Amino acid sequence: KRGKKQINFGVLTNDQGVPIACEVFEGNTSDQATLESQIKKITTRFKLKKVTLVGDRGMLTQARIDEEIRPLEQMSWISALTSDGVRTLVESGTIQPELFDKHQLAEVQSPDFPEERLVVCYNPFLAEERRTRRQELLECTQKALDKIRVSVERTRNPYRGKAKIGRRVQREAGHLKMLKHFELEIQEDKMSFKLKKENVESEARMDGLYVIRAGRISSEEMDANQVVGTYNEVAIAAATAD
């Protein structure tokens, strides 16, 4: 909370969720910045030979995987791809609707993610929720933009100034996070906009999709369902802790 001091507690647990180490960090420490010290605990204090680190994409980022985990041969990892990573797989054709089985799971590989198994999950309920929410936000954004356009074009006391109009667009429509789907043209005394349908359709192809990444974990060690289950256990625990 603003004006309140904050500290962070980092808890390292085993695969049963039992805490085995705890460390206190300064309140302004980002999640990924805490990973290095946890790896040191695992490799020096506990001297473990084989370890699978499980964390969300905010903790096990691409940079942390490449710089801190991948160089250590005894380390494997389970995390999730960012939306940009999922988009890359969709646009490259790596992820296609016909891949999914009756459990809505599909395992794929990509040269962009070496040594990793990618388990693609499709949640139809989440897909519908995202479609509905996006449509609502698009409609609200269009109404806000149309209101500004009318004020710019009115005969009496028109709203004028390119910079002034741009700031109003950000103030009244930017918070909806949908301006990326509109093509805007703003001039000193004119404003127009149109929906970029191809952008909306491209984003819609990712509705309900999420991808769990498993590095250096063979199918004999964990099948696709176990990989997803392991990640979800950590996600649920984190949500409960919050």
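Details of the structure are given in the entry above.
Residues numbered from 1 in each chain as written. Predicted model: local features only at pLDDT ≥ 70, side-chain atom pairs only at ≥ 80, totals over all residues. Heavy atoms only, no water.

Student: So what's going on with the overall build of the protein? Which residues, and what values?
Tutor: When its secondary structure is counted, the protein shows seven helices and nine strands. Against the 2.2 N^0.38 benchmark of 18 Å for 242 residues, the protein shows a C-alpha radius of gyration of 23 Å, more extended than a compact globule. Taken along its principal axes, the extent of the C-alpha atoms in the protein is 75 × 50 × 30 Å. Sorting the 242 residues of the protein into buried and exposed places 36% on the buried side. Taking the intrachain contacts of the protein between residues at least 6 apart in sequence as the baseline, contacts between residues at least 24 apart amount to 59%. Element-wise, carbon and sulfur atoms account for 50% of the exposed surface of the protein, whose accessible area totals about 15,300 Å². Across the protein, the mean location of the 40 positive side-chain charges is 9 Å away from that of the 38 negative side-chain charges. (Helix = DSSP H or I, 4+ residues; strand = E, 2+ residues; numbered from the N terminus. Rg over C-alpha atoms; globule rule 2.2 N^0.38 Å. Buried < 20%, exposed > 50% of the residue type's maximum accessible area, 1.4 Å probe, protein only. Contact = heavy atoms within 4.5 Å. Areas by Shrake-Rupley, 256 points an atom, 1.4 Å probe, with all protein chains shown as cover. Lys, Arg positive; Asp, Glu negative; His and termini not counted. Charge placed at Lys NZ, Arg CZ, Asp CG, Glu CD.)

Student: Describe the environment of T44, and please don't skip the residues or the numbers.
Tutor: You can see T44 is positioned in helix 1 (residues 35–45). Remark: the alpha-carbon pair of T44 and I7, spanning 37 residues in sequence, is separated by 25 Å. At 2.4 Å, the side chain of T44 forms a polar contact with the backbone oxygen of K40. (Polar contact = N/O pair within 3.5 Å; in protein donor to acceptor, adjacent residues only side chain to side chain.)

Student: Please provide a residue-by-residue account of the nonpolar core, values included.
Tutor: Residues L145, I148, V152, I165, V169 and M191 are the most contacted members of the largest nonpolar core, which totals 17 residues. Put simply, the parts of the chain that give this core at least two residues each are helix 4 (124–153), helix 5 (162–173) and strand 7 (182–186). Among the elements that line this core, the one with the most residues is helix 4, at six residues. Once residues lying within four places of it in the same chain are set aside, the contact partners of I165 are I148, V152, Y159, R160, I186, Q187, E188 and M191. (Core = buried A, V, L, I, M, F, W, Y, C linked by side-chain atoms within 4.5 Å.)

Student: Kindly report on the packing of aromatic side chains, identifying the contributing residues and their values.
Tutor: Enumeration according to the criterion identifies one aromatic pair in this entry. Ring centres of F182 and F193 lie 6.1 Å apart, and the angle between their planes is 70°; on these two criteria the pair is classed as edge-to-face. In this pair, F182 is assigned in strand 7 and F193 in strand 8 (residues 191–195), connecting sequence segments eleven residues apart. Directly above the ring of Y159 sits K164, whose terminal nitrogen or CZ lies 4.7 Å from the centroid. Of note, R168 hangs over the ring of Y159, and the distance from its end group to the ring centre comes to 4.7 Å. (Phe/Tyr/Trp six-rings, centres within 6.5 Å; stacked < 30°, edge-to-face > 60°. Lys NZ or Arg CZ within 6 Å of the ring centre and 35° of its normal.)

Student: Provide a residue-level description of a negative patch on the surface, including the pertinent values.
Tutor: A grouping of E183, E185, E198 and E201 is seen on the molecular surface, where their side chains present a negatively charged patch. Mapped onto the negative patch, the elements with two or more residues apiece are strand 7 and helix 6 (197–204). With respect to the secondary-structure elements, E198 resides in helix 6. (Patch = residues over 30% accessible without salt bridge, like charges linked within 9 Å, V, L, I, M, F, W, Y side chains within 5 Å. Salt bridge = Lys/Arg side-chain N within 4 Å of Asp/Glu carboxyl O.)

Student: Describe the pairing of strand 9 (residues 209–215), with residues and values.
Tutor: Along any regular strand the residues' side chains alternate between the sheet's two faces. Taking burial as the measure, the seven residues of strand 9 include six buried ones, the bulk of the element. Both strand 4 (residues 75–80) and strand 9 contribute to a ladder of four bridges, which runs antiparallel. When the sheet's bridge partners are listed, S79 is paired in strand 9 with R213. Judged from the seven bridges that link them, strand 6 (residues 116–122) and strand 9 form a sheet pairing that is antiparallel. By the bridge assignment, E116 is partnered in strand 9 with G215. (Pairing = 2+ DSSP bridges.)

Student: I'd like a rundown of helix 6, residues and numbers included.
Tutor: Listed in full, the buried residues belonging to helix 6 are V200, S202 and E203. What you see down the axis of helix 6 is that its buried residues fit within an arc of 160°, all on one side. Opposite its buried face, helix 6 presents the exposed residues K197 and E198, each directed more than 90 degrees away. Packing partners of the buried residues in helix 6 comprise helix 3 (83–91), helix 4 and strand 8. (Arc of directions from axis to C-beta.)

Student: Provide a residue-level description of the side chain of R64, including the pertinent values.
Tutor: Note on placement: R64 falls in helix 2 (residues 62–69). The exposure class of R64 is buried, given its relative accessible area of 15%. A polar side-chain atom of R64 sits 2.6 Å from a polar atom in the side chain of E67. Those residues in contact with R64, other than ones at most four positions away along the chain, are Q32, L35, M59 and I69.

Student: So what's going on with the layout of surface pockets? Residues and values would help.
Tutor: Space inside the second largest pocket adds up to approximately 580 Å³. At the level of secondary structure, the elements contributing two or more residues to the lining of the second largest pocket comprise helix 3, helix 4, strand 9 and helix 7 (224–241). When grouped by side-chain class, the residues that make up the lining of the second largest pocket number eleven nonpolar, three polar and ten charged. (1 Å grid on protein atoms, 1.4 Å probe; cavity = no way out; pocket = protein on both sides within 12 Å on 5 of 7 lines; lining within 4 Å. Points joined across faces, edges and corners; volume = space filled by probe spheres on them. Nonpolar A, V, L, I, M, F, W, Y, C, P; charged D, E, K, R; others polar.)

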